Amino acid sequence: MNGIRIGQGFDVHAFGDGDHVMLGGVRVPHDRGLLAHSDGDVVVHALCDALLGALALGDIGRHFPPSDPQWKGADSLAFLHHCDGLARARGWRVGNADVTVVCERPRVGPHVEAMRTTLAAALGIALDAVSVKATTTEALGFTGRGEGIAAQAICLLVRA
Ligand SMILES: Nc1ccn([C@@H]2O[C@H](COP(=O)(O)O)[C@@H](O)[C@H]2O)c(=O)n1
Ligand SMILES: C[C@@]1(CO)OP(=O)(O)OP(=O)(O)OC[C@H]1O
């Protein structure tokens, strides 16, 4: 069967105590952490939901319930690897993916290349098939008030 699939994902985590945030599988030093059951990697969670959306397989919480202690503190790249496996088992792979991180701080730009490299490796695709961008909300809303980080992702699935 030929064709393409498209999916989008969105995630938010609130800031709490800590000295770093995980974004796209990269440890980014910060004066706050992100509250979550897992490592709180909003970028990877949004990307997982984009893959699951393209596959019409529900969302990340269905596959990795927050009530399940085995995911406590989990490395979110393991979630992404699982979602990619679900795609590949159905004959799909990620053609390209594009993520936007929304926060005032930390500055994401200096970490974008490391995030792209990490995500491309996790998905087994070329670096130029993975885009990571960042924006503030010009001090508006919950991200503008520095209450947390949001991420949006979109991905295209193509035949493997
Ligand atoms: N957390 C962030 C937010 C933004 N950037 C970079 O700054 C540029 C300008 O942001 P605006 O919200 O004013 O458009 C943006 O294009 C990003 O390159 C960042 O690195 N980290
Ligand atoms: C990732 C999971 C894992 O239990 O928990 P959290 O780290 O809290 O993240 P969330 O974005 O709320 O997604 C739900 C869960 O699948």
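Positions within a chain are numbered from 1, following the residues in the order the chain's sequence is written. All chains are assigned letters beginning with A, and all ligands numbers beginning with 1, in the order in which they are written. Residue-level local features of this predicted model are given only where pLDDT is at least 70; pairs of side-chain atoms are given and counted only at 80 or more, and the full residue set underlies all totals for whole chains, interfaces and linings. Excluded from the side-chain calculations are hydrogens and water; all other atoms, namely the structure's heavy atoms, are used.

**As for the site of ligand 2**
Here's step 1: For this description, a residue counts as near a given molecule or strand if any of its non-hydrogen atoms is within 4 Å of it. Of all residues adjacent to ligand 2, which total 13 residues, the nearest are Asp11, His37, Ser38, His45 and Phe64.
Here's step 2: The definition of a polar contact used here is a pair of N or O atoms within 3.5 Å, where within protein one atom must be able to donate a hydrogen and the other to accept one, and adjacent residues in sequence count solely through side-chain atom pairs. His45 places a polar side-chain atom, nitrogen or oxygen, 3.1 Å from an oxygen atom of ligand 2.
Here's step 3: Backbone polar atom of Ile60 to an oxygen atom of ligand 2: 3.3 Å apart, as the coordinates give it.
Here's step 4: Coverage of ligand 2 by the protein chains reaches 86% of its 370 Å² of free accessible surface. To measure how exposed things are, a 1.4 Å probe is used in the Shrake-Rupley method; for residues, cover is taken only from the protein chains shown.

**Remarks on the packing of helix α1 (residues 42-55) against helix α4 (residues 112-123)**
Here's step 1: Running from N to C, α1 and α4 point in directions that differ by 40 degrees, and their axes come no closer than 12 Å. Taken as a pair, α1 and α4 cross one another with a handedness that is right-handed. In this structure, α1 contributes Val43, Val44, Leu47 and Leu51 to the contact, and α4 contributes Met115, Leu119 and Leu123.
Here's step 2: Polarity classes work like this: nonpolar for Ala, Val, Leu, Ile, Met, Phe, Trp, Tyr, Cys and Pro, charged for Asp, Glu, Lys and Arg, and polar for all others, with Gly in that last group. The class makeup of the residues in the contact of α1 with α4 is seven nonpolar, no polar and no charged. Lines fitted to C-alpha atoms define the axes here, with helix axes fitted over just the stretch in contact, and angles between the N-to-C directions of these axes take values from 0 to 180 degrees. Under the scheme used here, helices are H or I runs from DSSP no shorter than 4 residues and strands are E runs no shorter than 2 residues, and both carry numbers assigned from the N terminus. For any helix crossing, the convention is left-handed if the near helix is rotated counterclockwise from the far helix by under a right angle, and right-handed if that rotation is clockwise. Any two residues whose heavy atoms approach within 4.5 Å at even a single point are treated as in contact.

**Here's the deal with the site of ligand 1**
Here's step 1: Taken together, Cys103, Glu104, Pro106, Arg107, Val108, Gly109, Ala134, Thr135, Thr136 and Glu138 make up all the residues around ligand 1.
Here's step 2: One of the side-chain nitrogen or oxygen atoms of Arg107 is found 2.8 Å away from an oxygen atom of ligand 1.
Here's step 3: Surface burial for ligand 1 is 65%, taken as the share of its 450 Å² of free accessible area covered by protein chains.

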